[in-house]
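Observations on the three-dimensional arrangement
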Amino acid sequence: TEIDVQNLRSPICCILGHVDSGKTTLLDQIRGTDVQGGEAGGITQQIGATYFPADNIKERTKELRADAKLKVPGLLVIDTPGHQSFTNLRSRGSGLCDIAVLVVDIMHGLEPQTIESLNLLKMRNTEFIIALNKVDRLYGWKVFPNAPIQQSLKQQSDNVQSEFKWRLTDIITQFKEQGLNTELYYKNKEMGETYSIVPTSAVTGEGIPDLLLLLLKWAQKTMVEKLTFKDELQSTVLEVKVIEGLGTTIDVVLVNGVLRVGDQIVVCGLEGPIVTVVRALLTPHPMKELRVKGKYMKHKEIKAAQFFKVAAPGLKHAIAGTALYVVENLDDLEDVKEVVMEDMKSIMCRVDKSGEGVHVQASTLGSLEALLELLKSPEVDIPVSGISIGPIHTKDIKKASVMVERKNEYATILGFDVKPTPEAQELADKLGVRIFTSDIIYHLFDQFKAFIDVVKE
Ligand code: GDP
Ligand code: MG
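For every chain, the first residue of the written sequence is number 1, and numbering continues from 1 along that sequence. Here every chain gets a letter starting at A, and every ligand a number starting at 1, in the order they are written. Per-residue local features are limited, in this predicted model, to residues with pLDDT of at least 70; the limit for side-chain atom pairs, both in listing and counting, is 80 or more; totals at the level of whole chains, interfaces and linings are taken over all residues.

Let us look at the overall build of the protein chain. Helix numbers and strand numbers start at the N terminus; a helix is a DSSP run of H or I with at least 4 residues, a strand a run of E with at least 2. Assigned secondary structure in the protein chain consists of 16 helices and 23 strands. Residues counted as buried form 45% of the 457 residues belonging to the protein chain. For the purpose of contact definition, each residue receives a C-beta atom placed from its backbone, and two residues are in contact when these atoms lie within 7 Å. Looking at the protein chain alone, contacts between residues at least 24 apart form 72% of all its contacts between residues at least 6 apart. To sort residues by burial, count the other C-beta atoms lying within 10 Å of each one's C-beta; a count of 20 or more means buried, 12 or fewer means exposed, and anything in between means partly exposed. C-beta atoms are built from the backbone.

If you want it as structure tokens, here you go:
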């Protein structure tokens, strides 16, 4: 079929992988910024997203001589702190990202969060490419800044090449143990069945042209239908943030459709549906991401796929990880309000009716869902009596403290990718509520299980 080139939207790509595998550095390298250096301890504090216009990618991949082949307008790449919170983000029921990059540190191979990411990608049926990162750390590596990877590999010494080979073979075996066939991308003859590995260095830029090109080519080859622009609005709230001068704002990914200033929108709120009107649509300057400080550009309307900030009154209790809707017709308002809260309802049914169980809290609705799913699994089987989204506040401590008298071991908060406020921590200490927090889901279980074992003794 003929591709309507005018009408393809940009693919949305997310970057996943174990902590410290180089996700943020990889994005920095492509973008030419230094977010990683600016982050506290190098840890990604918030979700950030960057839009790469096709021209920029053409320039970066020109050595691979592929400039004529790009048909999408660009690539929207999202970096995320808790990878679960990311793959689980919803946009009208389906996963948010079209394609993913799974980053693996060549010196470490598969790590716990790599495997968690992998399972989520499988669950969501999301296509992905593996970036085998930090190749420059192979002993004796000679740097060829920003070079295509084959060009760089060819010029390495025999020792480097042989270390590269055995580490690669080892990692391919580890993937096999996870039930996955993988192969170097330029040797991969069966993309789709066998996942492609692109060796990269986020520090020297080697292999980055290959990664960008493969992402776009693969997306536009296999996802034409998915990437064909649709008018129907499809959008997800990624973050809820207070910004000086703007009040509470939401950072939004627009997957399809057009959003305009003055549109009446409905989003899912902790205290019910929020109906409001878009006051401003703001983006950072091109190639910068929303985290990098600087003046925003104002827009009258924004067409998908894009990532931007929405300022509107009344967003205080909006929930990250849920869909945003536009009210096209006032008659539909009641329906939309109901649809918007459906995500929340499906989560509420997971709470134990007995009223006995731990309190569970996460940064987004999607990550809360993932956490609840795992708590319910037979191997884990921890009952839940209460849930919440966002930072742990005193009200959450009060809720959890009900268990102190009833079933003391459940007077516990399991927080995924969230932290207690100082007042909340103080109250927890006073009332005897335990708080376990982690960025890795199964570490939460480990902490809780260890605690239960102590209680039993
Ligand atoms: P993230 O947790 O996955 O976002 O990882 P970061 O991007 O924060 O990187 C973790 C550390 O690894 C930082 O010190 C980076 O400078 C370093 N790093 C990331 N990518 C590379 C790479 O390709 N080569 C080398 N030598 N170091 C890297
Ligand atoms: Mg990071």
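That shown, we press on.
Now for helix 8 (residues 208-222). Helices are assigned an expected span. That span is 1.5 Å times one less than the residue count. Taking 1.5 Å of rise per residue, the 15 residues of helix 8 would be expected to cover 21 Å, and the 21 Å separating its terminal C-alpha atoms lies within 8% of that figure. With respect to burial, helix 8 is a largely interior element, eleven of its 15 residues being buried. Those residues of helix 8 lying buried are Ile208, Pro209, Asp210, Leu211, Leu212, Leu213, Leu214, Leu215, Leu216, Trp218 and Ala219.

Now for the nonpolar core. Linking buried Ala, Val, Leu, Ile, Met, Phe, Trp, Tyr and Cys residues through C-beta atoms within 7 Å yields a set, and such a set is a nonpolar core. Of all hydrophobic cores here, the largest spans 119 residues; its most connected members are Cys13 and Leu215. Considering each element in turn, this core owes the most residues, nine residues, to helix 8. Among all residues touching Cys13, those that are not within four sequence positions of it are Leu75, Leu76, Val77, Ile78, Cys97, Asp98, Ile99, Ala100, Val101 and Leu215.

Pairing geometry for strand 15 (residues 280-283) and strand 18 (residues 306-311), over three bridges, is antiparallel. Of the residues in strand 18, the one forming a bridge with Leu281 is Val310. With three bridges connecting them, strand 15 and strand 16 (residues 297-299) associate as antiparallel partners. Across the sheet, the residue bridging to Leu281 is His299, located in strand 16. For two strands to be treated as a pair, DSSP must find no fewer than two bridges joining them.

This next bit is on the environment of Glu356. Along the chain, the position of Glu356 falls in the loop between helix 11 (342-348) and strand 20 (358-362). Sequence separation of Glu356 and Lys407 is 51 residues, and the distance between their C-alpha atoms is 7.3 Å. When sequence neighbours within four positions are dropped, the list of residues in contact with Glu356 reads Pro383, Ser385, Arg406, Lys407 and Tyr410.

Time to look at helix 13 (residues 394-401). For helix 13, the set of buried residues is Asp396, Ile397 and Ala400. The arc that holds the buried residues of helix 13, viewed along the axis, is 100°, so those residues lie on one side. Packing partners of the buried residues in helix 13 comprise strand 20, strand 21 (384-389), helix 14 (403-406), strand 22 (412-416) and helix 15 (422-431). Throughout, the arc means the angular range of directions from the helix axis out to the C-beta atoms.

Whether a residue is near a molecule or strand depends on its C-beta atom, generated from backbone atoms, being within 6 Å of that molecule or strand. The environment of ligand 1 is formed by 18 residues, the closest being Gly22, Lys23, Thr24, Thr25 and Ala202. For the shell around ligand 1, the element with the highest residue contribution is helix 1 (residues 23-31), accounting for three residues. Each residue belonging to the shell around ligand 1 can be placed in one class, and the counts come to three nonpolar, ten polar and five charged. By the convention adopted, Pro, Cys, Tyr, Trp, Phe, Met, Ile, Leu, Val and Ala count as nonpolar, Lys, Arg, Asp and Glu as charged, and the other residues, Gly among them, as polar.

Take the sheet that holds strand 14 (residues 274-277) next. Strands sit in the order 14-13-19 across an open sheet of three strands; the sheet is antiparallel. With partners counted over all chains shown, the strands left at the sheet margins are strand 14 and strand 19 (324-326), one partner each. On average, each strand axis in the sheet is tilted by 30° relative to the strand beside it, whichever way the strands run. Summarising the sheet, strand 13 (residues 264-267) and strand 14 pair through four bridges and their orientation is antiparallel. Among the inter-strand pairings, Val267 is bridged to a residue of strand 14, identified as Ile274. Axis definition: a line fitted to C-alpha atoms, limited for helices to the stretch in contact. Angles are taken between N-to-C directions and run from 0 to 180 degrees. With respect to the sheet, helix 10 (residues 333-340) is in contact with strand 13, strand 14 and strand 19, its orientation differing from that of strand 13 by roughly 30°.

Further remarks concern the environment of Met107. Within the fold, Met107 resides in the loop between strand 6 (99-105) and helix 5 (112-124). Met107 sits 264 residues away from Leu371 along the chain, and the two C-alpha atoms are 30 Å apart. In this structure Met107 touches Lys134 and Arg137, once residues within four positions along its chain are discounted.

Close reading of the predicted structure is inappropriate where its pLDDT is low. Per residue, pLDDT captures the predictor's confidence, and it can take any value from 0 to 100. Mean pLDDT over the protein chain: 85, with 88% of residues reaching 70 or higher. Element-level pLDDT for the protein chain is lowest in helix 4 (residues 83-87), with a mean of 44, against a maximum mean of 98 in helix 7 (residues 158-177). Here residues 39-47 is a poorly scored stretch, pLDDT under 50, and it has 19 contacts once near neighbours within four places are set aside; other chains count. Note that residues 90-94 has pLDDT below 50 and, in this model, 15 contacts with residues that lie over four places away or in other chains. This complex was scored by the predictor with a pTM of 0.75 and an ipTM of 0.99.

A separate point is the sheet that holds strand 22. Overall, parallel pairing links the four strands, which are arranged 21-20-22-23 in an open sheet. In the strand order of this sheet, the two ends are held by strand 21 and strand 23 (434-438), each with one partner. Taken over all neighbouring pairs, the strand axes of this sheet differ in orientation by 20° on average, direction set aside. Helix-sheet contacts for helix 13 involve strand 20, strand 21 and strand 22, and the interaxial angle to strand 20 is about 155°. Running over the sheet, helix 16 (residues 441-456) touches strand 22 and strand 23 and is turned about 150° from strand 23.

For the rest of this paragraph, the subject is the pairing of strand 22. Regular strands place side chains that alternate from one sheet face to the opposite one. Most of strand 22 is tucked away: five of the five residues are buried. Because side chains alternate across strand 22, one face comprises the buried residues Thr412, Leu414 and Phe416, and the other comprises Ile413 and Gly415, equally buried. With four bridges connecting them, strand 20 and strand 22 associate as parallel partners. Each bridged residue has a counterpart across the sheet, and for Val360 the counterpart in strand 22 is Leu414. Note: strand 22 against strand 23, five bridges, orientation parallel. Residue pairing across strands places Leu414 opposite Phe436, the latter belonging to strand 23. With the strands pointing away from the viewer, any crossover whose connection runs clockwise from the first strand over the helix to the second is right-handed. Where the polypeptide runs from strand 22 across helix 15 and back to strand 23, its parallel neighbour, the crossover connection is right-handed.

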